[in-house]
Amino acid sequence: DSHASQLFSDRHNSRRNVIIHPTTWVVKSSQLIMCKQEPTAAYDTSKLAKDEQWIEKFDLAAFTADVKRLGDELEKNQGEEDVRHLRKMVLWSNMCGIIGFLTMGFGVNPVAIIGLSTFTFTRWTMIAHHTCHGGYDKCHPNKNKWNRFKFAIGSFWRRFNDWFDWMMPEAWNVEHNNRHHYNLSEIEDPDLVENNLVDLREAPVPVIVKYLFVLINVVTWKWFYYAPNTYKELKLARLRRQNQPIPEGVNPADAVTIRTVLTSGSPFYSTWELFSVVLGPYLLIHFFLTPLPLTFIGDYFGIDNMYWSAVKNLAFAELLTNAHGFVAVVTNHAGDDMYRFREGCRPFSGSFYLRQVLASVDFAMGTDLVDFLHGFLNYQIEHHLWPSLSMRSYQKAAPLVREICAKHGVPYVKENVF
């Protein structure tokens, strides 16, 4: 059995802040299973809370072998079924978009708002997300599009055709695919919610004001927080790649938001650059140029205000898709009793696999309709274990991952949607 020789725990914002030091998990004196090798040390099990006692007898080497074996099998079996499933999800997403765009000129109406919102949500969370991770690199026959090195990147035309949203796809790939996935629940994780909201949490204002701020953030977060912060991560990655120093006095873990840019500025880019490169194209094209043909259609058929009805529907859909995305995305690592980590670890090591389970949450799943409404983010544990698998593979993986966790005593958190 393996043992932990340095483990500290406390409670913080409903997440268990248990730090398993990456250099201290060992099994037998000669077997390395974390980032560095340390001699076997006796462990005082009295330090473990009742629901942490699985750690005492946990065999990380066996757990790792089971996870790797399943991941290899899932990847090997990807093929035409996964491509057909992707096409089905793309069709569903596009149908939502078609319904929304065809009805958005007929007054403010829920059909248009829900259709447009769901199209935007699923294009991001399902289609772009899994393609940008490489989920279809090996199984899709169209390598010129459904490939992580092609999809939505390289030119504005690719961005417009493949995935047009507030975030710049290249910036998303750095922030999410690299920084978030390989620094999960560490201070270097750019999506660490409690770190990003520390100023709000400690602000000397009434709690009701804090909740109001969160509510506003729920319906604006993609452009207010995600777009500028992902662009910051892209700039940071370029500095690191060029061996350039980070600007003096800058904490790279601090989030950059629209408020940051407008009040104190960003050392990584100007306000004009953020608007002209990242935010502006989507704002102008999606909200004002896309509905422009309705001006002429309305004049031809004698229907008043089709253009402005469309603009209003697009605006309301933006609020809804932000809220939908917030509920589906932010909760992925904020379930009951999540773990936090003080140090980093080697990707795809035993520690890495364990952390993905301990710091992620699954939700209701099992049918294409349920998973579609979740944007397939309800398989967060499976996705973090193997980021470059297809959506269909995660459906197959979930019950098998639960079995592995039950076998080894690892907490597997699956929450109710509400």
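Tracing the backbone through its elements, the reader meets Gly97 in helix 2 (residues 80–103). For the pair Gly97 and Thr118, spaced 21 residues apart in sequence, the C-alpha to C-alpha distance is 7.5 Å. Setting aside anything within four residues of it in sequence, one finds Gly97 in contact with Gly115, Leu116 and Phe119.

A few words now on the nonpolar core. In terms of nonpolar packing, the biggest core is built from 97 residues, with Phe63, Trp386, Val401 and Val410 touching the most fellow members. For this core, the element with the highest residue contribution is helix 9 (residues 221–241), accounting for 10 residues. Ignoring sequence-local partners within four residues, the contact set of Phe63 consists of Phe58, Tyr353, Leu354, Val357, Ile404, Cys405, His408 and Val410.

A few words now on a nonpolar patch on the surface. Judged by side-chain polarity, Phe106, Ile297, Tyr300, Phe301 and Ile303 come together as a nonpolar surface patch covering roughly 570 Å² of accessible area. Relative to the helices and strands, Ile297 is located in helix 12 (residues 293–301).

This brings us to the packing of aromatic side chains. Overall, the coordinates contain 32 aromatic pairs when judged by the stated rule. Centroid distance Trp223 to Phe224: 6.0 Å. Interplanar angle 80 degrees. Geometry classified as edge-to-face. By relative accessible area, Trp223 is classed as partly exposed at 30%. When the ring of Phe348 is compared with that of Tyr353, the centres are 6.2 Å apart and the planes differ by 55 degrees; the resulting orientation is tilted. Residue class for Tyr353 comes out buried when judged on its relative accessible area of 5%. Among the aromatic residues, those joined into a cluster by ring pairs are Trp124, Trp163, Trp172, Trp221, Tyr225, Tyr226 and Phe326.

With that settled, consider the packing of helix 9 against helix 13 (residues 306–329). Between two packed helices, what matters for the description is the angle formed by their axes and the separation of those axes. Two numbers describe how helix 9 lies on helix 13: the axes approach to 10 Å, and their chain directions differ by 55 degrees. Here helix 9 lies oblique to helix 13, going by the angle between them. Packed against helix 9, whose contacting residues are Trp221, Lys222 and Trp223, the element helix 13 presents Glu318, Thr321, Asn322, Gly325, Phe326 and Val329 at the interface. For the contact of helix 9 with helix 13, the per-class residue count stands at four nonpolar, three polar and two charged.

When you line up the elements, Phe316 lands in helix 13. Spatially, the C-alpha atoms of Phe316 and Ala112 are 9.5 Å apart, while their sequence positions differ by 204 residues. The contact partners of Phe316, leaving out residues within four places of it in the chain, are Val108 and Ile113.

Calculation criteria
Residues numbered from 1 in each chain as written. Predicted model: local features only at pLDDT ≥ 70, side-chain atom pairs only at ≥ 80, totals over all residues. Heavy atoms only, no water. Helix = DSSP H or I, 4+ residues; strand = E, 2+ residues; numbered from the N terminus. Contact = heavy atoms within 4.5 Å. Core = buried A, V, L, I, M, F, W, Y, C linked by side-chain atoms within 4.5 Å. Buried < 20%, exposed > 50% of the residue type's maximum accessible area, 1.4 Å probe, protein only. Patch = residues over 30% accessible without salt bridge, like charges linked within 9 Å, V, L, I, M, F, W, Y side chains within 5 Å. Areas by Shrake-Rupley, 256 points an atom, 1.4 Å probe, with all protein chains shown as cover. Salt bridge = Lys/Arg side-chain N within 4 Å of Asp/Glu carboxyl O. Phe/Tyr/Trp six-rings, centres within 6.5 Å; stacked < 30°, edge-to-face > 60°. Axes fitted to C-alpha atoms, helices over the stretch in contact; angles between N-to-C directions. Parallel < 35°, antiparallel > 145°, perpendicular 65-115°, else oblique. Nonpolar A, V, L, I, M, F, W, Y, C, P; charged D, E, K, R; others polar.

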